[in-house]
Amino acid sequence: MVHSVNVKTYIVLIVLVAINAAIYFVPVRWDMTDDKHYSLSEASKSLLRQTDEPIEVTLLLDGDLNAGFRRLKKATEETLDEMDVFGDVRRNNVQSTKEADSLGLRPIVIHEREQNGKTAQTTVYPYALMRYKGRKAVVTLLKNTRGLSGEENLNASIEQLEFAFMEALHLLTQRETPRIAILEGHGEPDEAHTYDLMTALSKYFQVDRGSIENSDVRIQNSEGSIQTHMLDGYKAVLVISPQSAFSDVERFIIDQYLMRGGTVLWAMDGVQFSEQVLQSDGFTPVVARELGLTEMLFRYGIRINPALVQDIQCLPIPVNVSNDPSQPNLQPMPWTYAPLLLTSEGSPVTKSLGQIMSTFVSPIDAVGGEDGIEKRILLATSTASRVTAAPAEVDLSDLNPDMNTFRYQYIPVAVSLEGVFPSVYAHRIAPEGIETHEPIIKQSRRTRQIVIASGSILLNEVQKGQPLPMGYDRYSQMQFSNRDFAVNAVLWLTDEEGLIGLREKSVALRLLNDRRAHENRMQVQLVSTISPIAILALIGGIVWIVRKRKYEIN
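Residues numbered from 1 in each chain as written. Predicted model: local features only at pLDDT ≥ 70, side-chain atom pairs only at ≥ 80, totals over all residues. Heavy atoms only, no water.

Structural notes on the overall build of the chain
Rules: Numbering of helices and strands starts at the N terminus; helices are DSSP runs of H or I of at least 4 residues and strands are runs of E of at least 2. Throughout this description, buried means an accessible area under 20% of the type-specific maximum (1.4 Å probe, protein chains only), exposed means over 50%, and partly exposed covers the range between. We call two residues in contact when some of their heavy atoms are within 4.5 Å. Accessibility throughout is a Shrake-Rupley quantity obtained with a 1.4 Å probe, and a residue counts as covered only by protein chains that appear here.
A tally of helices and strands in the chain yields 13 helices and 29 strands. Considering the chain as a whole, with its 554 residues, one finds that 44% of them fall into the buried category. Sequence-distant contacts, at least 24 apart, represent 75% of the contacts inside the chain between residues at least 6 apart. Counting every atom, the chain has about 30500 Å² of accessible surface; 52% of that belongs to carbon and sulfur.

Overview of the nonpolar core
For clarity, the cut-off: Only buried residues count toward a nonpolar core. Its members are Ala, Val, Leu, Ile, Met, Phe, Trp, Tyr and Cys residues joined through side-chain atoms within 4.5 Å.
Core analysis: the largest hydrophobic core is formed by 78 residues, its most contacted members being F165, L238 and L265. No other element matches helix 6 (residues 161-173), which puts 9 residues into this core. Once residues within four sequence positions are removed from consideration, L238 is found in contact with I180, A181, I182, L183, L197, L201, L265 and V490. Formed by 36 residues, the second largest nonpolar core is a distinct cluster that contains A181, V264, M296 and I434.

Observations regarding the pattern of salt bridges
As a reminder, the rule being used: Salt-bridge detection follows one rule: a side-chain nitrogen of Lys or Arg within 4 Å of a carboxyl oxygen of Asp or Glu.
A complete count under the given rule lists 19 salt bridges for this structure. Across the pair K351 and E159 runs a salt bridge whose closest N-O atoms are separated by 3.8 Å. Taken together, the positions of K351 in the loop between strand 17 (330-343) and strand 18 (356-357) and E159 in helix 5 (residues 150-159) put the pair 192 residues apart, joining distant regions of the chain. Residue K351 is classed as buried on the basis of its relative accessible area of 6%. Notably, a salt bridge pairs R446 with E418, separated by 3.9 Å at the nearest N-O pair. Taken together, the positions of R446 in strand 25 (residues 443-452) and E418 in strand 23 (residues 412-422) put the pair 28 residues apart, joining distant regions of the chain. Classification of R446 by relative accessible area gives exposed; the value is 53%. Accessibility expressed as a relative area gives 16% for E418, which makes it buried. Shared partners join several salt bridges into a network, and the residues in it are E159, E345 and K351.

Examining the sheet that holds strand 22 (residues 392-395)
Our working definition: DSSP-based pairing: two strands are paired if at least 2 bridges between them are found.
The strand order 12-13-22 describes an open sheet built from 3 strands, whose pairing is antiparallel. If you trace the sheet from one side to the other, it starts and ends with strand 12 (271-272) and strand 22, each paired once. Direction of pairing for strand 13 (residues 283-288) relative to strand 22: antiparallel, over a ladder of 4 bridges. Across the sheet, V286 pairs through a bridge with A392, a residue of strand 22.

Describing the confidence of the model for the chain
Quick reminder of the rule: Confidence per residue, as judged by the predictor, is encoded in pLDDT with a range of 0 to 100.
With 86% of its residues at a pLDDT of at least 70, the chain reaches an overall mean of 85. Mean pLDDT in the chain bottoms out at helix 12 (residues 514-519), which sits at 61, and peaks at strand 11 (residues 264-267), which reaches 98. Counting interchain partners and residues more than four positions distant, the pLDDT-below-50 stretch residues 215-224 has 14 contacts.

Regarding the packing of aromatic side chains
What counts is decided by this rule: Stacked, edge-to-face and tilted are the three classes for Phe, Tyr and Trp ring pairs, Trp counted by its six-membered ring, which pair at centre distances within 6.5 Å; planes under 30 degrees apart are stacked, over 60 edge-to-face, the rest tilted.
Tallied over the entire structure, the rule returns 6 aromatic pairs. Ring geometry for Y204 versus F205: centroids 6.3 Å apart, planes at 50°, classification tilted. For the pair formed by Y204 and F205, the shared burial category is buried. Ring centres of W335 and Y337 lie 5.1 Å apart, and the angle between their planes is 55°; on these two criteria the pair is classed as tilted. Summarising the burial analysis for this pair, W335 and Y337 share the class buried. An aromatic cluster is defined as three or more aromatic residues linked by ring pairs; in this entry it consists of F273, W335, Y337 and F360.

A short note on helix 5
Most of helix 5 sits inside the fold, with 7 of its 10 residues counted as buried. Burial in helix 5 covers these residues: N153, L154, N155, A156, S157, I158 and E159.

Quick word on the side chain of R503
Stated precisely, the cut-off is as follows: Residues counted as positive are Lys and Arg, residues counted as negative are Asp and Glu, and His and the chain ends are not counted. Between N or O atoms, a polar contact is any pair within 3.5 Å; within protein, one atom must be a potential hydrogen donor and the other a potential acceptor, and residues adjacent in sequence are included only when both atoms are from side chains.
Within the secondary structure, R503 sits in the loop between helix 11 (482-494) and helix 12. Look at R503: it is buried, it has no salt bridge, and the nearest opposite charge is D484 at 6.8 Å. For R503, the side chain forms a polar contact with the main-chain oxygen of P348, separated by 2.4 Å.

Brief notes about helix 3 (residues 67-86)
Here is the rule we go by: The span one expects for a helix is its residue count, reduced by one, times 1.5 Å.
Along its 20 residues, helix 3 runs 30 Å from first to last C-alpha, staying within 8% of the 28 Å computed at 1.5 Å per residue. All of the buried residues in helix 3 are G68, F69, L72, K73, A75, T76, T79, L80, E82, M83 and F86.

Some details on the pairing of strand 8 (residues 206-210)
Rules: With its strands directed away from the observer, a crossover is right-handed exactly when the path from the first strand over the helix to the second travels clockwise.
Most of strand 8 is tucked away: 4 of the 5 residues are buried. Bridging between strand 7 (residues 179-183) and strand 8 involves 5 bridges; their strand directions are parallel. From the neighbouring strand, A181 faces strand 8, where its bridge partner is D208. You can see the chain leave strand 7, run along helix 7 (residues 195-201) and come back into strand 8, and the turn it takes is right-handed.

Quick look at the environment of E213
With respect to the helices and strands, the residue E213 is situated in the loop between strand 8 and strand 9 (226-227). Using a relative accessible area of 35% as the deciding quantity, one classes E213 as partly exposed. Between the C-alpha atom of E213 and that of E250, which follows or precedes it by 37 residues, the distance is 7.4 Å.

This is the structure we're talking about:
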């Protein structure tokens, strides 16, 4: 009997040793979390597998961290460990913050109140430095979205870790810089008012500007005819706040560019108005803006309505409330024509973004129904909005509208489109002046578009000749998420690897109730201390009773 037990014991030990050896030499990873927190996407795995040299990562997030930042650091290290499974990722310990200072990385100062009532101050560098083949990129680990609590921002940061590292690695591994084009020739805003947009996008793209029908940039044959492939070298084309109509030739070139798989971002005003007249006279007429693109967008499944939305959730403007002209008294008053737009959590373009600043925005309708095109709302108004159809008049004195008229909610003002689009010229001939020996493409490849019903969202103000940051309101001195929205929108349009989809990763935020935790502190400590001992004692007692009964001599 004893011999039989020993043999079984040896067999069990041999099996356990074999399993451990197999696991050591052939790693097995099984993510049992419901949010797949410890798993990388296939796009990330593919990108890591394509690397052929070590990826060095220096984590600057170090030192005496509070519980929230320790959680962020731990999640960062776990992400890097998971990356190391599919690529050679070597994590270095930070020696000093001199390199961070030399790169212009600003630390953040955390003020915390301890239990004894004293305030503790900690300086944190929420960054990582990634190096690959002699190139270097900075990864920002902390997302600081206005309107979110500290815990919510930390959780959003953890959700975006994989995207942040893969975005940096993608930039380090790409062999040539892709190109995008900002179209001109229709009274679009100048470079000063698109300076921050171009600066933000230049991190990822070569940004060109030009007109389709301008002789300096168009591609012509010997007879002067414009070729239809002149936009094909661009990953995306941006149409930002045009003031005059597009010609038939321009519409044809953009349409066929889209049919060949190109992507377009449309940021256009649905109405025509004059800010100069509004500032000088205190009012301005508002009429529908004719750009010659209504039918084109309608065929693609979208319509920008000739109207303006007003929203109670809006920016303030300074208004002189003094009766004495010699002593002005400027007070902030709500300006309902400058709504603070809500972002959707259902798209990688807008996930985890804060409010978007805008002025004179039009409503958008999705049309087409069963056209097979996937439409997602990106930006919308709040729960208290109204729509004013053109023609109308905007008056600066209208600062106290009837709140009962703001009955609409979540009016869409920006939409993403993905699918196979029909050509506007499917049953037409090419416009005069177009050189093409190819048949007109009647249906596009699967591609993407984004339509924004206001150019103001992508523009920056200019003060004393200096451009301000996009999304910065100089009256309230608040910074909104316009810059991140603009970058994410273009990245989504040009994303062929599926990396932008990593922004949709979600990690459940499970917060403690601080008040209850403090009130029941002693009870929680006793339960957490005594319960394991009691469970072990109970199991030991049951085992003892079973063994006693089994081997008890009758």
